[in-house]
Amino acid sequence: MKIEISSEPHRLLHNVYNLAFGPPDVRGKIDDKAELQHSNYSKVFSTILFTGLTYLNSNPGHFLGIDGSSNSRAYLYYRFLQKNYDYLNRFFNLFGIKYYVRVTRFGKTQYDDPFDFQDVKAIPESIEKKMIVDPKFMFNYFIFNKN
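Here we summarise the structure given alongside this text. Quantities reported herein were computed from a predicted structural model and do not represent experimental measurements. (Residues numbered from 1 in each chain as written. Predicted model: local features only at pLDDT ≥ 70, side-chain atom pairs only at ≥ 80, totals over all residues. Heavy atoms only, no water.)

Here we take up the pattern of salt bridges. Evaluation of the coordinates by the stated rule reveals three salt bridges. A salt bridge links K2 to E4; the nearest nitrogen and oxygen atoms lie 3.3 Å apart. Judged by relative accessible area, which is 38%, E4 ranks as partly exposed. Between K129 and D86 there is a salt bridge, with its nearest N and O atoms 2.8 Å apart. Taken together, the positions of K129 in the loop between β5 (125-126) and β6 (141-146) and D86 in helix α3 (residues 85-88) put the pair 43 residues apart, joining distant regions of the chain. Residue classification places D86 among the partly exposed positions, given a relative accessible area of 47%. (Salt bridge = Lys/Arg side-chain N within 4 Å of Asp/Glu carboxyl O. Buried < 20%, exposed > 50% of the residue type's maximum accessible area, 1.4 Å probe, protein only. Helix = DSSP H or I, 4+ residues; strand = E, 2+ residues; numbered from the N terminus.)

A separate point is helix α2 (residues 71-83). Between the first and last C-alpha of α2 there are 18 Å, a value that for 13 residues agrees with the 18 Å anticipated at 1.5 Å per step. Every buried residue of α2 is accounted for by N71, R73, A74, Y77, Y78, F80, L81 and Q82. (Expected span 1.5 Å × (residues − 1).)

Moving on to the pairing of strand β2 (residues 16-22). Along β2, five of the seven residues are buried, which leaves the element largely enclosed by surrounding structure. Pairing analysis gives three bridges linking β2 to strand β3 (residues 63-67), with the strands arranged parallel. For Y17, the partnering residue across the bridge sits in β3 and is L64. (Pairing = 2+ DSSP bridges.)

Bringing the sheet that holds strand β4 (residues 92-97) into the picture now. Taking strand neighbours across the sheet as the criterion, the six strands line up as β1-β2-β3-β6-β4-β5 in an open arrangement whose pairing is mixed. Single-partner strands in this sheet number two, and they are β1 (2-5) and β5. In this structure, β3 lies alongside β6, joined through four bridges in antiparallel fashion. For L64, the partnering residue across the bridge sits in β6 and is F144. The strands that helix α1 (residues 41-58) touches are β1, β2, β3, β4 and β6; relative to β6, the one it contacts most, it runs at about 50°. The strands touched by α2 within the sheet are β2, β3, β4 and β6, with β6 carrying the most contacts at an inclination of about 35°. (Contact = heavy atoms within 4.5 Å. Axes fitted to C-alpha atoms, helices over the stretch in contact; angles between N-to-C directions.)

One simple way to see leftover space: roll a probe sized like a water molecule over the atoms. Tallying each qualifying case throughout the model produces one cavity of 30 Å³ or more. Considering only enclosed or pocket space, the largest cavity measures out at about 160 Å³ in volume. L49, I66, Y77, F80 and L81 are, among the 15 residues lining the largest cavity, the residues nearest its centre. Broken down by secondary-structure element, the contributors of at least two residues to the lining of the largest cavity are α1, α2, β4 and β6. Of the residues that constitute the lining of the largest cavity, the class distribution is 15 nonpolar, no polar and no charged. (1 Å grid on protein atoms, 1.4 Å probe; cavity = no way out; pocket = protein on both sides within 12 Å on 5 of 7 lines; lining within 4 Å. Points joined across faces, edges and corners; volume = space filled by probe spheres on them. Nonpolar A, V, L, I, M, F, W, Y, C, P; charged D, E, K, R; others polar.)

Here it is, written out as structure tokens:
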């Protein structure tokens, strides 16, 4: 598992630095689309979030962003945030952005599932405990900062 935090902020979201993770490919770059089988997903996510917390402790005022590179991956991340909300909320403010990064990262013609471009939001929404979100309209970029 490789974890990287970008050295430059997102070009459209000031103070948001991308947190990428996954196995390295043959060139050493993170393959964020790889499907891995972990015996303990909580341990994997805890390691990623501990790295994020360490970074945020050293960089007050910064936010970290995690890109759900597909709808299923975004839904997995969201379910993890909901399942661990009480614990995570002690350390982080959690936000979601709906489809924003997929459009700016890949362009308007490359996306997993068709969607209405009039429904694209660039505004972070606070993620609350037990928030009901239809998987068809899932956040696909999650940002967080230190409480």
